[in-house]
Amino acid sequence: MNQQFTKDEYSKFVDKKSPNSHLAKDMAWAFIVGGIICTIGQGIMNFFTARGLPKETVSSITSILLILIAVILTALDLYDSIGKRAGAGSVVPITGFANSIASPAIEYKTEGYVMGLGAKMFTVAGPVLVYGISASIVVGFIYFLMH
Amino acid sequence: MSYLTAFITGGIICAIGQILIDKTKLTSARILVAFIVAGVILTGLGIYEPIVKWGGAGATVPLTGFGYSLVKGVIKDVNSYGFLGIFTGGLKATAGGIAAAVFFSLLAGLIFRPKIKT
């Protein structure tokens with residue numbers, strides 16, 4: 001019972017943040033916070049590109065650093081505070097993906113290190129990877145047939 | 001200039017996500033799934049590449065960019081290894097992010113205690 005409540009609560013925290021708020025205001029917040037996170041990403045990209053690293057390496061480093069920042073903010077309980085205002089601005093970037101893994105990892109460690117921490121960290125990330133990877137395989141198959 | 005286009009592109013993609021949240025009551029898990037799949041499809045159709053060219057991190061940092069990386073990796077490996085590349089390319093291109101997210105989250109889970117719910 002309790003498990004269901006917390007799982008739902010996590011995945012719906014954005015929806016519940018302000019039930020009567022206006023769409024325009026929510027969109028403005030999402031735009032600004034999402035924009036800022038992407039601008040930070042651009043800063044990391046520009047920094048390593050200027051040091052002559054290849055494009056794919058730069059893109060990996062950027063993801064890893066943004067994820068590290070997001071996990072730290074999640075652990076310090078700051079990411080959810082940002083999310084209350086930012087809505088999709090904090091959910092849609094890769095930092096939101098990292099938050100969706102770190103948050104249940106901390107939350108469910110009390111249920112054990114294997115079926116708690118280890119399993120629950122994929123509550124959101126699991127479906128994302130399942131459908132993302134599968135869709136990319138379908139696209140890859142079509143590309144293979146065409147070439 | 002790259003900062004401005006990144007800000008605008010990332011902002012617009014997140015604002016679209018906000019419309020979905022407000023209008024459809026989709027949970028954030030479904031939003032993330034929708035965005036990664038949208039990124040895969042748009043990249044497959046050749047629509048996302050120009051957005052990445054213009055928006056830089058504004059297009060690659062949102063989860064649609066994760067889908068973009070998956071497809072880019074698959075296509076690269078299909079070109080190098082043929083059929084096998086369909087299965088190897090996607091995760092190869094996104095390995096850094098996935099491994100980092102899993103490992104850092106494990107560390108966070110081991111070190112930090114859950115906050116007390118009131």
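Here the structure is a predicted model, which is why all the values come from computation and not from measurement. The numbers attached to residues start from 1 for each chain and follow its sequence in the written order. Chain letters and ligand numbers both follow the written order, the letters beginning at A and the numbers at 1. Selection of residues for local features in this predicted model requires a pLDDT of at least 70, selection of side-chain atom pairs for listing and counting requires 80 or more, and totals for whole chains, interfaces and linings are taken over all residues.

1. Overview of the overall build of chain B
Spelled out, the test is: To qualify as a helix, a DSSP run of H or I must reach at least 4 residues; to qualify as a strand, a run of E must reach at least 2; elements of each kind are numbered from the N terminus. The exposure label follows from counting other C-beta atoms within 10 Å of a residue's C-beta, where the C-beta atoms are placed from the backbone and the thresholds are 20 or more for buried and 12 or fewer for exposed, leaving partly exposed in between.
Helix and strand counts for chain B stand at six helices and zero strands. Across chain B, helices and strands are ordered from the amino to the carboxyl terminus as α-α-α-α-α-α. In terms of overall dimensions, chain B has a C-alpha envelope of 55 × 35 × 30 Å along the principal axes. For chain B, the proportion of its 118 residues judged to be buried stands at 53%.

2. Observations regarding the overall build of chain A
This is how it is decided: In this description, a residue-residue contact is defined by the distance between C-beta atoms placed from the backbone, which must lie within 7 Å.
A count of helices and strands for chain A gives nine helices and zero strands. From first element to last, N terminus to C terminus, chain A shows the α and β order α-α-α-α-α-α-α-α-α. Buried residues in chain A amount to 48% of all 147 residues. The contacts in chain A between residues at least 6 apart in sequence include a share of 66% that link residues at least 24 apart.

3. Let's talk about helix H1 (residues 2-24) of chain B
Think of an α-helix as turning once every 3.6 residues; residues three or four places apart then point the same way. Rules: One less than the number of residues in a helix, times 1.5 Å, gives the span that helix is expected to have.
Helix length check: H1 of chain B, at 23 residues, gives a terminal C-alpha distance of 33 Å against a target of 33 Å (1.5 Å per residue), a fit within 8%. Lysine 25 of chain B sits one or two positions beyond H1 of chain B and adopts a positive phi of about 60°.

4. Digging into the interface of chain B and chain A
Taken together, the contacts link 65 residues of chain B with 65 residues of chain A. In terms of residue count, H1 of chain B provides more of the side of chain B that touches chain A than any other element does, 17 residues in total.

5. Quick word on the nonpolar core
Quick note on the threshold: Linking buried Ala, Val, Leu, Ile, Met, Phe, Trp, Tyr and Cys residues through C-beta atoms within 7 Å yields a set, and such a set is a nonpolar core.
If you look at the biggest cluster of nonpolar residues, it comprises 74 residues, and the most contacted ones within it are Ala30, Ile67, Phe97, Ala98 and Ala102 of chain A together with Leu32 of chain B. No other element matches the ten residues that helix H3 (residues 23-50) of chain A contributes to this core. With near-sequence residues (within four places) excluded, alanine 30 of chain A lies in contact with Ala86, Gly87, Ala88 and Gly89 of chain A together with Cys14, Ala15, Gly17 and Gln18 of chain B.

6. Notes on the environment of serine 100 of chain A
Looking at the secondary structure, you find serine 100 of chain A in helix H7 (residues 94-107). Between the C-alpha atom of serine 100 of chain A and that of threonine 123 of chain A, which follows or precedes it by 23 residues, the distance is 8.0 Å.

7. Overview of unusual backbone geometry
A positive phi angle, near 65°, is found at aspartate 77 of chain A, a position not held by glycine. Residue placement: aspartate 77 of chain A occurs in the loop between helix H4 (55-75) and helix H5 (79-86). Residue class for aspartate 77 of chain A comes out partly exposed when judged on the 13 C-beta atoms lying within 10 Å of it. In the Ramachandran plot, lysine 25 of chain B falls in the positive-phi region, its phi being about 60° despite a non-glycine side chain. Note on placement: lysine 25 of chain B falls in the loop between H1 and helix H2 (28-44). In this structure lysine 25 of chain B comes out as exposed when scored by C-beta crowding, with 10 C-beta atoms within 10 Å.

8. Re the environment of histidine 22 of chain A
Examined against the element boundaries, histidine 22 of chain A turns out to sit in the loop between helix H2 (13-16) and H3. In this structure histidine 22 of chain A comes out as exposed when scored by C-beta crowding, with 10 C-beta atoms within 10 Å.

9. Points about the packing of H4 of chain A against H7 of chain A
All names here are of chain A. To keep it simple, the criterion reads: The convention used is that axes are lines fitted to C-alpha atoms, helices contributing only their stretch in contact, and that angles between N-to-C directions extend from 0 to 180 degrees. To sort the angles, those under 35 degrees are grouped as roughly parallel, those over 145 as roughly antiparallel, those from 65 to 115 as roughly perpendicular, and the leftovers as oblique. Here a crossing is taken to be left-handed if its near helix is turned anticlockwise relative to the far helix by less than a right angle, and right-handed if that turn runs clockwise. Residues are grouped as follows: nonpolar covers Ala, Val, Leu, Ile, Met, Phe, Trp, Tyr, Cys and Pro; charged covers Asp, Glu, Lys and Arg; every other residue, Gly included, is treated as polar.
One can describe the packing of H4 onto H7 by two numbers: an axis separation of 8 Å at closest approach and a directional angle of 40°. Looking at the two axes, H4 sits oblique to H7. Seen from above, H4 lies across H7 with right-handed handedness. Facing H4, whose interface residues are Ser63, Leu66, Ile67, Ile69, Ala70, Val71, Thr74 and Ala75, H7 presents Ile94, Thr95, Ala98, Asn99, Ala102, Ser103 and Ile106. Residues of the contact of H4 with H7, tallied by class, amount to ten nonpolar, five polar and no charged.

10. Looking at the confidence of the model for chain B
Put simply, the test is: A residue's pLDDT is the confidence the predictor assigns to it, expressed on a 0 to 100 scale.
Looking at chain B, the pLDDT average stands at 95 and 97% of residues meet or exceed 70. If you check the scores for this complex, the pTM reads 0.89 and the ipTM reads 0.95.

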